Each structure stands twice: as C-alpha cells, then as structure tokens.
Amino acid sequence: MSDTTPPAGPPTRGMPVRRWLDRWLPKIALVPSGVALLVFVYGFIGWTIWLSMTTSSLLPNNTFAGLRQYEVLFQLDVWWVSVINLAIFGVLYVALCLAIGLFLAILLDQKIRAEGWLRTIYLYPLALSLVVTGVVWKWLLNPGLGLEHFVQSLGWTGFSFDWLVNPDMAIYAVVIAAVWQAAGFVTALFLAGLRGIDTSIIKAAQIDGASLPRVYLSIIIPSLRPVFFSAIILLVSLAIKSFDLVIALTGGGPGYSTWVPAIFMYDFGFNRGQIGLGAAAATLMMAAVALAMLPMLIAELKERRDGRKN
Amino acid sequence: MGNRGLWHHTACLGVAVAALSIGSVASAAPDKGTVSVLNWWTSGSEAKSMNVLSDMLADQGYKMVNDAVSGGGGSNARTVLKSRIQSNNMPGAAQIKGPEIQQWCQAGMAMNIDEVAKQQDWSKILPGPVAKGMQCDGHFVAVPFNLHRINWVWINKSALKKAGATMPSDWNSFVAALDKLKAAGITPIAGGGDTWQVATEFDAIALATGGADFYRNAFVDLKPDALSSDTMVKALSRLRTLQKYEDANDQGLSWNHNTGAVVKGEAGMQIMGDWAKGEITNAGATPGDQVACMAMPGEHSGFVYNADSFEMFKKSNSDKAAQYAFARTALSPEFQRKFNMAKGSIPVREGVSLDGFDACAQKAQSDFEAAEKNNALVPSFSQDMAETGAVKGALFDVIAKFYNNKNMSAEAAAKQMASQAKQAKLMSSM
C-alpha cells in the first residue's frame with residue numbers, strides 16, 4: 001500500500017502550486033496598479049471632498065466647516081462666470097465637433113481621390129499640443145496682428161473681428177480654436193464608423209427606393225450610435241478639463257471673462273491660498289462629469305445587456 | 001584607432017578623477033552648514049545675483065543650495081514650498097513676501113532671527129514699514145533684499161517731443177500729453193488689459209489720487225468706508241480715463257513686451273514698477289535718458305514699494321548658523337549694492353553707496369527718503385505686499401470686472417471692492 005502512493009506524491013504537490021499560480025498570478029500582477037489606483041485616484045478624490053468641507057486656506061487643515069466653502073463659492077461672481085463659460089464652451093464645442101466631424105466624414109466617405117491625404121490633413125491638428133494651438137490662434141485672432149488686420153489691409157477697412165479682446169465674445173474665440181483642434185479627430189472616429197456599416201443594408205434600402213438623405217438619416221446615422229457615444233464621452237471630459245487652451249489663448253482674460261472652473265480651481269487653490277474653495281470647485285467639477293456621464297453609461301450598458309439577451 | 005580610443009578614454013578617466021578630487025576638496029571647505037534657498041529668481045540677472053550670494057556664503061564656509069523654481073511669477077515656487085512643507089522637507093529660506101510672511105509664521109513654521117537683526121541693528125537700518133513686515137509677534141523671521149518702486153511712469157522722450165507734448169507735472173497735464181500722443185498716432189499708454197498690469201497701474205493712481213493715508217486705510221486695513229469712498233471712485237474714474245489711451249488689442253501682451261513698445265517709440269508711456277529698467281537696458285536705451293522716469297502724477301506724492309524677502313524656516317540646530325549667515329550676508333552693504341544694481345531696485349538698508357546706479361535709481365532713492373520722512377511709504381497691494389493672496393485676488397477680480405465692463409460705474413466697483421475684500425478676508429482668517 002505504502003509503495004503505491006509515493007510516486008504520485010511529487011506531481012500532486014506541484015500541481016496545486018501551478019494551479020494556484022494560474023489562478024492568482026493575474027490578480028497578484030494587478031494588485032500594485034489596483035492599489036495605486038485606489039490611493040491616487042479614489043483616495044485623493046476622497047481627500048479633496050473632505051478638504052472642501054474644512055477651513056483649509058494656505059495649507060490643508062482638518063477643521064470641519066460644513067458647507068461654508070460652497071456657500072461662499074456660490075456667492076462669487078468669478079465662479080458663476082466660470083460655470084457659464086463652461087456651459088457655453090461645452091455645448092458649442094461638443095455640438096460643433098460632432099456636426100463638423102460627421103459632415104467631413106460623410107464627404108470623405110464618398111470614395112474620393114486622395115482620401116488618405118485629406119484624412120491626414122484633418123487629423124493633423126490633434127497632433128499639436130493645446131498650448132501650441134492656443135498660441136497660434138492667439139496670433140490669428142488678435143485684431144492688431146491677425147485676421148482683422150489682414151482683411152483690413154486687403155481693403156475692407158470696415159471689417160472687424162475682435163472676439164479675442166472683447167470680454168463678451170472671447171469665450172467664442174476659445175470655441176473656434178478648440179473645435180479646430182478636435183474636429184478632425186471626430187471625423188476620423190466617424191469615418192471608421194462609416195466604414196464598419198454593412199453595405200448590403202444600404203443596397204437593400206436603395207433597391208427599395210430610399211433616397212440618399214433617407215438612407216443617411218434612417219440607416220447610417222442611427223448605426224453610428226456607438227461612435228456618437230464614444231465621441232461625446234471624450235469631448236465632454238475634454239471640455240470639463242479644459243485649462244491649457246484657455247491659458248495659452250486668452251490667459252483667462254480679458255479680466256476673468258474666459259475663466260473656466262479648472263482655472264478657478266487652480267487659481268484659488270494654488271495662487272490665492274484658498275485650498276478649501278479650490279477643493280469645493282474641484283468637487284463640483286467631478287460631480288458635473290459624473291452627472292454628464294452617468295445617464296449615457298447607464299443607457300449604453302442597458303443596451304448592451306438587452307442586445308445580449310436577444 | 002582602437003588604441004588611441006583606449007588612451008583617450010583613460011585620459012578622460014584621469015581628468016574625471018582629478019576633477020572629482022578637486023571637487024571634493026572644494027566642497028570640503030564649506031562645512032559650517034548648508035542652507036537651501038527656495039526662490040523664483042531664474043532670469044539672467046536675478047540668477048546671477050543669487051550666485052553672487054552663494055559665493056559670498058561659500059567664502060564664509062557655508063553652502064547655499066539654490067532651489068530656483070521658474071514660472072508663474074512665483075506661484076510654482078509657492079506650490080513647491082507647500083508640498084515640501086507637507087513632506088517635512090522645508091527649505092532653510094524661501095522667497096516669501098508681504099503678509100504671507102505672517103501666515104507662515106502663524107502656522108508655526110518660521111524661525112526667529114532676532115540675533116542677526118540685533119547684530120546688524122535692523123530696526124535702525126531698515127525703513128519702518130519694511131522692518132515691521134519682516135516681523136511676526138515682535139520677532140524678525142524674514143530678511144528683505146531690495147526695494148522696488150511701483151508708482152513709476154516710463155516715458156519715451158522722443159515720442160513725447162514728436163507729439164509736441166511736454167513732460168507732465170500733474171494729472172491734467174498728464175492727460176493733455178496723452179491726448180497729444182494720441183493725435184500724433186502713437187499709442188499713448190502701453191498697457192492693455194492684463195489684470196496684473198491694470199492693477200499695477202491702479203496702484204500708482206490710487207496713491208497719487210488719495211495719498212498715503214487713504215491708501216493704507218483702503219488697501220492695508222481694508223476699511224470699508226475707505227474702499228467705497230469718493231476718493232476711490234475718483235481713482236477708479238481716472239483708471240477709466242487712462243483706459244481710453246490704451247490699445248485694446250494689446251490684451252494678453254506681457255509687461256516686458258509693453259516696455260519694449262515704449263523703448264521703440266511705438267507707445268508713449270508705460271506705468272510699471274522699476275523692473276522695467278531691465279527691459280529698457282536690454283533694448284539698448286538708458287533709463288532716465290531716452291526713456292524718462294516720472295512718479296505717477298496726481299495730488300499726492302509718495303512711494304509704493306515692493307520689498308522682495310526671504311522667510312527663514314525652523315530647521316535642526318545644525319542649519320541655524322547657515323541660515324543666520326544667509327540673512328546677515330543678504331543685508332551686507334556689499335551684496336545690497338551688487339544685487340540691487342543688477343535687479344533695478346534700490347538697496348533696502350541705509351548706508352549703501354549709490355555711486356554707479358542709474359538716474360532713475362538715484363531719483364527713487366531721494367523720493368524714498370522724502371516719503372519715509374512724510375510717512376508716505378506704502379506697501380503695494382498689486383504686488384502682494386499689503387494683502388494675502390485671497391484678498392488681493394478679490395480686489396483684482398473687481399478691478400478686472402470694472403476695466404472690462406465699460407458699463408460698470410466707478411461707484412459700483414468701489415462698493416464691490418469693499419464687500420468682496422471683506423468676504424475674502426473673512427475666508428482666509430477662518
């Protein structure tokens with residue numbers, strides 16, 4: 001009896017180790033990044049939320065102040081200017097990028113010549129950093145140096161385009177530069193989406209006598225839904241985070257007329273020694289991102305689950 | 001080939017070893033202590049001046065580590081300071097000025113340097129308001145480096161001549177000169193909308209309009225009745241007047257670009273602190289000669305100052321000697337002369353010869369002495385000398401709003417100044 005068991009010993013001792021490793025190695029490998037994520041993303045989100053409820057000024061402290069910082073925040077003109085600017089910027093930026101992106105993608109999809117070249121040209125602005133974009137457009141839009149000066153020198157002396165230095169219009173100048181930067185990228189997304197559509201459906205529709213606009217409205221654009229979803233998620237998060245473009249293009253000016261919440265957060269937190277207010281602004285920005293993303297995520301997940309059931 | 005390469009390497013190694021041994025000999029000498037100095041002086045002349053200080057300390061056997069952080073007019077350096085304090089790795093000395101000195105001191109971080117102050121008799125050699133600014137609870141915790149004058153107007157003499165105007169002497173002749181410049185097709189004032197530059201202009205206007213007592217009541221003590229007073233309304237109206245002579249297209253241009261425009265004669269004047277002299281000299285002109293300097297005209301004369309300073313932080317005892325040496329050397333007449341000549345400011349202590357300083361520095365010095373006598377020496381609110389960042393930010397917001405909204409009345413702006421400053425003060429002292 002005792003002779004039969006020993007040969008089986010070593011392999012069975014080895015097998016559980018390997019099996020254990022197979023099972024746990026991926027998890028062990030993920031632990032460091034998981035811990036890092038937990039501490040540096042969720043940990044600091046938690047800390048920021050806590051700081052927004054303290055009296056922190058020059059340095060962080062832990063004296064609880066309830067919602068006092070938020071009360072003050074809501075009384076500040078600078079904050080509301082920042083929020084309204086973000087709303088104007090966000091809506092126009094997302095809408096214009098989607099519209100221009102889709103339009104260019106449809107045009108490029110007409111099996112035209114030199115499509116590769118054109119695609120590269122449209123995509124190229126994305127390769128520039130936002131700071132470069134900001135500086136270039138700062139020169140282009142400056143009335144004394146750029147577009148206005150150029151058109152006037154051609155003879156149209158009445159031409160005026162002073163958005164960049166006009167406090168009421170400067171935020172729209174930011175939209176122009178931002179859309180220029182990102183529209184090509186959205187075009188590429190849509191183009192990839194268009195290429196993925198099954199042509200037999202389109203042919204079938206055409207045989208049934210559907211006009212071209214009808215084909216686009218009823219078949220092509222609805223089937224681009226996932227592309228719209230990814231493009232909107234990307235653009236909305238880019239819009240809420242926007243900071244460097246504004247700094248490079250207008251420096252937040254004239255005055256604070258092109259401030260956005262990210263600039264508010266940075267200036268109050270780091271320049272003005274009001275960390276509590278800065279943290280309150282950061283918390284609200286995060287809440288805004290969550291609010292913008294949540295319904296879309298839920299809708300998309302629901303769709304996917306329903307799709308699997310079918 | 002191979003052999004030569006090998007020889008080459010060996011030779012290099014030999015040189016490196018020799019350099020290392022020399023290095024270790026050289027660094028063996030300063031063993032009396034080390035002071036790390038956090039600052040944002042990274043531009044040419046300023047960085048060079050810090051090296052002068054470092055050499056002077058090395059001669060005494062102390063090592064100075066120059067932790068210069070560039071960018072953001074000091075805001076990057078302040079962020080580094082905060083994170084270094086959070087991680088318990090505070091510098092020996094950090095460039096901090098104005099009421100922020102007291103803030104760090106209240107947080108229990110500052111080191112008492114009364115011993116050095118007594119040795120050099122700081123209470124006597126420093127101007128009263130400056131000495132007071134370096135103290136906290138009656139103890140010296142910071143050392144001043146210089147005095148910049150803010151309320152200067154820089155005027156291109158040939159542009160003025162071309163426009164047929166004369167050097168202004170009061171507010172009305174000032175505006176008349178601006179009118180003539182405008183008529184001659186020259187941008188009268190290079191300014192143009194950047195909030196910090198507008199606030200710097202307003203700093204000069206406020207003192208010239210209301211005088212030192214008004215300035216102190218409003219910007220140092222934040223008295224609501226001074227902030228919303230008729231004098232403030234008058235000063236704001238004058239800012240609105242000057243705005244008409246500025247080119248709105250200059251929005252977003254930096255102050256040194258604007259100084260350059262004055263030197264080239266594209267613009268007639270600039271209202272700016274005396275660091276503009278560096279740009280004037282770089283452009284090949286002499287301050288006081290091609291570009292004249294004049295105190296901002298108005299009903300009152302005085303001196304709006306910015307004193308750059310370094311606060312000492314509590315460290316272990318072994319570093320104390322080096323920190324003391326840093327403070328002592330910074331206020332030595334030799335360093336004060338070298339440093340301020342390079343920086344464009346004037347020495348902050350008395351008893352330093354101004355031989356070889358330019359005409360504008362000489363004039364700043366004599367105006368400073370007169371202002372000190374008449375109690376007309378005031379700390380600049382636009383350069384963080386009078387208020388903490390929170391309050392300064394609130395004042396800047398109102399000035400920016402007023403400047404960029406032509407429909408806003410001076411009365412409304414003055415009222416908002418009073419209420420927003422109070423709010424910010426409350427928040428920062430919570």
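Residues numbered from 1 in each chain as written. Chains lettered and ligands numbered in written order. Predicted model: local features only at pLDDT ≥ 70, side-chain atom pairs only at ≥ 80, totals over all residues.

Some remarks on the pairing of strand β8 (residues 152-156) of chain B
Residue and element names in this part refer to chain B. The buried fraction of β8 amounts to 5 of the 5 residues, a majority that puts the element mostly inside the structure. By the alternation rule, side chains of β8 split into Trp 152, Trp 154 and Asn 156 and Val 153 and Ile 155, which are all buried. Here β8 runs beside strand β11 (residues 291-295); their pairing, made up of 5 bridges, is antiparallel. Paired with Ile 155 across the strands is Ala 292, a residue of β11. Relative to strand β10 (residues 267-271), β8 runs antiparallel, the two sharing 3 bridges. In the strand pairing of β10, Ile 155 is matched with Met 269. (Buried ≥ 20, exposed ≤ 12 C-beta atoms within 10 Å, placed from the backbone. Helix = DSSP H or I, 4+ residues; strand = E, 2+ residues; numbered from the N terminus. Pairing = 2+ DSSP bridges.)

Looking at helix α16 (residues 333-343) of chain B
Inspection of α16(B) places Phe335(B), Gln336(B), Phe339(B), Asn340(B) and Lys343(B) among the buried residues, and these make up the whole buried set. Along α16(B), the residues classed as buried sweep out an arc of 110° about the axis, all on the same side. (Arc of directions from axis to C-beta.)

With respect to the environment of Gly344(B)
Residues and elements named next belong to chain B. Looking at the secondary structure, you find Gly 344 in the loop between α16 and α17 (359-373). A sequence separation of 311 residues divides Gly 344 from Gly 33, and the C-alpha atoms of the two residues are 31 Å apart. What Gly 344 contacts, discounting residues up to four positions off in sequence, is Asp 274, Trp 275, Lys 277 and Gly 278. (Contact = placed C-beta atoms within 7 Å.)

Examining the sheet that holds strand β12 (residues 303-306) of chain B
All names here are of chain B. One open sheet accounts for 3 strands, arranged β7-β12-β14; its pairing is mixed. Looking along the sheet, the strands with just one partner apiece sit at the ends: β7 (148-149) and β14 (377-379). Bridge count for β7 against β12 is 2 bridges, and the pairing is antiparallel. Pairing of His 148 across the sheet is with Asn 306, part of β12.

Describing the domain arrangement of chain A
All names here are of chain A. According to the domain assignment, chain A consists of domain 1 (6-51) and domain 2 (69-309). Facing 4 residues of domain 1, the contacting portion of domain 2 comprises 6 residues. Counted by class, the side of domain 1 that touches domain 2 contains 3 nonpolar, 1 polar and no charged residues. (Domains from an automatic or database assignment. Nonpolar A, V, L, I, M, F, W, Y, C, P; charged D, E, K, R; others polar.)

Describing the environment of Trp163(A)
Residue and element names in this part refer to chain A. Its location among the elements puts Trp 163 in the loop between α6 (147-153) and α7 (170-195). On the basis of neighbour counts, which here come to 19 C-beta atoms within 10 Å, the residue Trp 163 falls in the partly exposed class. Along the chain, Trp 163 and Met 15 lie 148 residues apart, while their C-alpha atoms are 72 Å from each other. Among residues more than four places away in sequence, those in contact with Trp 163 are Leu 141, Met 169, Ala 170, Tyr 172 and Ala 173.

Looking at the domain arrangement of chain B
Residues and elements named next belong to chain B. What the domain assignment reports for chain B is domain 1 (31-148 + 307-364) and domain 2 (149-305 + 374-428). Using only C-alpha atoms to locate each centre, domain 1 and domain 2 end up separated by 28 Å. At the junction of the two partners, domain 1 supplies 19 residues and domain 2 supplies 19 residues. When residues of the side of domain 1 that touches domain 2 are traced back to their parent elements, those giving at least two are α4 (100-106), α7 (128-133) and α17. Looking at which element gives the most residues to the side of domain 1 that touches domain 2, the answer is α17, with 4 residues. Taken together, the residues of the side of domain 1 that touches domain 2 sort by class into 8 nonpolar, 7 polar and 4 charged.

Things to note about the interface of chain A and chain B
Across the contact, 26 residues belong to chain A and 26 residues belong to chain B. Mapped onto the side of chain A that touches chain B, the elements with two or more residues apiece are α3 (77-108) and α12 (261-271) of chain A. Tallied by class, the residues present in the side of chain A that touches chain B amount to 11 nonpolar, 12 polar and 3 charged.

Overview of the packing of helix α4 (residues 115-123) of chain A against α7(A)
Relative placement of two packed helices is described by the angle separating their axes and the distance separating the axes. Residue and element names in this part refer to chain A. Axis separation between α4 and α7 bottoms out at 7 Å; the angle between their running directions is 135°. Considered as vectors, α4 and α7 are oriented oblique to each other. Within the contact between the two elements, α4 uses Arg 119, Tyr 122 and Leu 123 and α7 uses Gly 184, Phe 185, Thr 187, Ala 188 and Leu 191. Its residues assigned to classes, the contact of α4 with α7 shows 5 nonpolar, 2 polar and 1 charged. (Axes fitted to C-alpha atoms, helices over the stretch in contact; angles between N-to-C directions. Parallel < 35°, antiparallel > 145°, perpendicular 65-115°, else oblique.)

Observations regarding the nonpolar core
Of all hydrophobic cores here, the largest spans 190 residues; its most connected members are Val174(A), Ala281(A), Val141(B), Trp154(B), Phe326(B) and Ile399(B). No other element matches α7(A), which puts 15 residues into this core. Those residues in contact with Trp154(B), other than ones at most four positions away along the chain, are Thr259(B), Val262(B), Met269(B), Gln270(B), Met272(B), Ala276(B), Val291(B) and Cys293(B). (Core = buried A, V, L, I, M, F, W, Y, C linked by C-beta atoms within 7 Å.)

Observations regarding the confidence of the model for chain B
Predicted coordinates in areas of low pLDDT are best not read in detail. Residue and element names in this part refer to chain B. Put simply, chain B has an average pLDDT of 88, and 92% of its residues get 70 or more. Across residues 1-28, where pLDDT falls below 50, the model places 0 contacts with residues more than four positions away in sequence or in other chains. Among the scores for the predicted complex, ipTM is 0.80 and pTM is 0.85. (pLDDT = per-residue confidence, 0-100.)

Quick look at unusual backbone geometry
Residues and elements named next belong to chain B. In this structure, Asp 121 is a non-glycine residue whose phi angle is positive, near 55°. Residue position: Asp 121 is located in the loop between α5 (114-120) and α6 (122-125). By C-beta crowding, Asp 121 is classed as exposed, having 10 other C-beta atoms within 10 Å.

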